[in-house]
Amino acid sequence: MNQHYTRHLKELLRAPFEVLRNLFFYRHMLVQMISIEIKGRFAGSFGGLFWHFIHPVLMLLVYLFVFIYIFKLRIGAGGGTWASAIYIMAGLFPWFIVAEGLLRGTSSLVENAGLIQKTAFPTEILIGKAVLAPVVSYGIAIVLLTAYKAVFGGYVKIILLLPVIMFFQILFTLGLAFFTAAVSVFFRDIIQMIQILINFWIYVTPILYPMNMLPDWAKKLMFLNPLYPLVAVYQSLFLNGTIEISYLLFLMIFWSLAFFFLGSFFFIKLKYEFADWL
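Residues numbered from 1 in each chain as written. Predicted model: local features only at pLDDT ≥ 70, side-chain atom pairs only at ≥ 80, totals over all residues. Heavy atoms only, no water.

Caption draft 1: Structural context of the overall build of the protein chain. For the protein chain, the count of helices and strands is 12 helices and zero strands. Beginning at the N terminus, the succession of helices and strands in the protein chain can be written as α-α-α-α-α-α-α-α-α-α-α-α. What you see for the protein chain is a C-alpha radius of gyration of 20 Å, in line with the 19 Å of a compact globule of 278 residues. With the C-alpha coordinates aligned to their principal axes, the bounding extent of the protein chain is approximately 60 × 55 × 35 Å. Taking all 278 residues of the protein chain together, the buried fraction comes to 50%. A fraction of 76% describes how many contacts in the protein chain between residues 6 or more apart in sequence connect residues 24 or more apart. Per element, the accessible surface of the protein chain, about 14,500 Å² overall, is 71% carbon and sulfur. (Helix = DSSP H or I, 4+ residues; strand = E, 2+ residues; numbered from the N terminus. Rg over C-alpha atoms; globule rule 2.2 N^0.38 Å. Buried < 20%, exposed > 50% of the residue type's maximum accessible area, 1.4 Å probe, protein only. Contact = heavy atoms within 4.5 Å. Areas by Shrake-Rupley, 256 points an atom, 1.4 Å probe, with all protein chains shown as cover.)

As C-alpha cells, this is what we get:
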C-alpha cells in the first residue's frame, strides 16, 4: 500500500516537469502554432487582426460604461472615475486570458482529434497553444497599462512584479486546461459545462465590484475561489503600485502550483489513451 502511494506521489511530482520539458523542447513548433492560431482566426476577413483586438476592447468599454457610469462604481475612499476604471481593467485583462485559455484549452484535443490519431507528437503542445495565444493578445493591453502606471504613476515595481504574476497565471490556466482537456476526451459535455462556468465565474469574483461590497459570509467563501487572489493581486498592483496584502500573493502561488501539478498529473496519466477515445 505504501509503495502504491509512493509511486503516485513520484508521478505527481514528475508530471509538471515532463509537461514543461515537452513544451520547451517543442517551443519552436509551439510559437509557430500560436502565430498561426492568432493570424488564422480571422484569415480572409477584411479587418484581419483588427477584429482580434477590437472584441475585448468593446467588451471592456461596455463593462466600464455599465459599472462606472450607470452603477456609479467608485473604488476606495474618495476614489474617482479613473481609479475605478483602472480597477476594472486590472481585473478584466487577466480574466480574459484565463477565460479564453481555459475554454479553448478544454476543446483543443477534441477539435484536433484527427491530428492526434494520425501523428505522434506531445499533445501538451495543443493545450499550450490554446493557453498562450490569449496571453500574447491580451498581454499587450496589460503591458500598455503597466507602462502607463510606471511612467505617469511612478509605479516602477510593477515592471518587476508583473512577469512573476503572469508566470503563475499561466501555470494556473495550464493546470486547469490540462485537466478539463483530458476529461473532454472521455466526457464531451464538459466543454459546454466550462462555458457555463466561465459565464458564472466572472460575477462571483470581485472583478467588476470591490470586495468590500460583499457580506461577511461571502468574503470568507471568496478565499475558496482560486481566481480571487490572482485578480486581487493584479488590482492591488495597478491601483497601489505594490501588493499590499502579502498573503494574497502566497494564496495565488498556492492555487497556481496546486492546479498545475494536479492538472499535469491527470493529463500525463491519460494522454496515451486519447487516440483510442477520440
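Caption draft 2: Seen up close, the pattern of salt bridges. All chains considered together, the criterion is met by four salt bridges. Taking the shortest distance from any N to any O, the salt bridge between Lys 129 and Glu 37 comes out at 3.7 Å. Here the residue Lys 129 occupies a position in helix H6 (residues 124–152), and Glu 37 occupies one in helix H2 (residues 27–40), the gap between them amounting to 92 residues. A salt bridge links Lys 271 to Glu 124; the nearest nitrogen and oxygen atoms lie 3.0 Å apart. Of this pair, Lys 271 sits in the loop between helix H11 (246–270) and helix H12 (274–277) while Glu 124 sits in helix H6; the two residues are 147 residues apart in sequence, bridging distant segments of the chain. For the pair shown, Lys 271 and Glu 124 are each scored as buried. (Salt bridge = Lys/Arg side-chain N within 4 Å of Asp/Glu carboxyl O.)

Caption draft 3: Representation of a nonpolar patch on the surface. Together, Phe 65, Tyr 69, Ile 70 and Phe 71 line one region of the surface with nonpolar side chains, adding up to about 470 Å² of accessible area. Among the secondary structure elements, Phe 71 is positioned in the loop between helix H3 (50–70) and helix H4 (81–111). Classification of Phe 71 by relative accessible area gives exposed; the value is 57%. (Patch = residues over 30% accessible without salt bridge, like charges linked within 9 Å, V, L, I, M, F, W, Y side chains within 5 Å.)

Caption draft 4: How the structure looks around the confidence of the model for the protein chain. For the protein chain, per-residue confidence averages 86 on the pLDDT scale, and 91% of positions sit at 70 or higher. Helix H8 (residues 190–201) holds the highest mean pLDDT among the elements of the protein chain, 94, whereas H3 holds the lowest, 75. (pLDDT = per-residue confidence, 0-100.)

Caption draft 5: Quick look at the packing of H4 against H8. With their axes 10 Å apart at the nearest point, H4 and H8 run at an angle of 175° to one another. For the element pair H4 / H8, the angle class is roughly antiparallel. Taking contact as the criterion, the partners of Trp 95, Ala 99, Leu 102, Leu 103, Thr 106, Ser 107 and Val 110 in H4 are, on H8, Ile 190, Ile 191, Ile 194, Gln 195, Ile 198 and Trp 201. When grouped by side-chain class, the residues that make up the contact of H4 with H8 number 10 nonpolar, three polar and no charged. (Axes fitted to C-alpha atoms, helices over the stretch in contact; angles between N-to-C directions. Parallel < 35°, antiparallel > 145°, perpendicular 65-115°, else oblique. Nonpolar A, V, L, I, M, F, W, Y, C, P; charged D, E, K, R; others polar.)

Caption draft 6: Spatial organisation of H6. Between the first and last C-alpha of H6 there are 41 Å, a value that for 29 residues agrees with the 42 Å anticipated at 1.5 Å per step. Its axis deflected by about 40° at Tyr 138, H6 carries its strongest bend there. Looking one or two residues beyond H6, the residue adopting positive phi is Gly 154, at roughly 75°. (Expected span 1.5 Å × (residues − 1). Bend = angle between axes of the 7 residues up to and from the residue.)

Caption draft 7: Representation of the packing of aromatic side chains. Within the structure shown, the criterion is met by 17 aromatic pairs. Ring geometry for Phe 186 and Trp 277: centres 5.1 Å apart, planes at 70°, overall edge-to-face. Of the two residues, Phe 186 is situated in helix H7 (residues 157–186) and Trp 277 in helix H12; the sequence distance between them amounts to 91 residues. Ring plane angle 45° and centroid distance 5.9 Å describe the contact between Phe 223 and Tyr 247, whose orientation is recorded as tilted. With Phe 223 in the loop between helix H9 (216–222) and helix H10 (227–240) and Tyr 247 in helix H11, this residue pair connects regions lying 24 residues apart in the sequence. (Phe/Tyr/Trp six-rings, centres within 6.5 Å; stacked < 30°, edge-to-face > 60°.)

Caption draft 8: Fine view of H10. Spanning 14 residues, H10 covers 20 Å between terminal C-alpha atoms, matching the ideal 20 Å at 1.5 Å per step. Counting buried positions along H10 yields 12 of 14 residues, so the element is predominantly enclosed. Looking at the buried residues of H10, the elements they touch are H4, H6, H7, H8, H9 and H11. Downstream of H10 by one or two residues, Gly 241 has phi in the positive range, about 80°.

Caption draft 9: Spotlight on the nonpolar core. Core analysis: the largest hydrophobic core is formed by 88 residues, its most contacted members being Ile 88, Leu 92, Trp 95, Leu 109, Leu 227, Phe 238 and Phe 274. In this view, Leu 109 contacts Ile 116, Thr 123, Leu 126, Ile 127, Ala 181, Ala 182, Val 185, Phe 267, Phe 274 and Leu 278; residues no more than four positions away in its chain are not counted. (Core = buried A, V, L, I, M, F, W, Y, C linked by side-chain atoms within 4.5 Å.)

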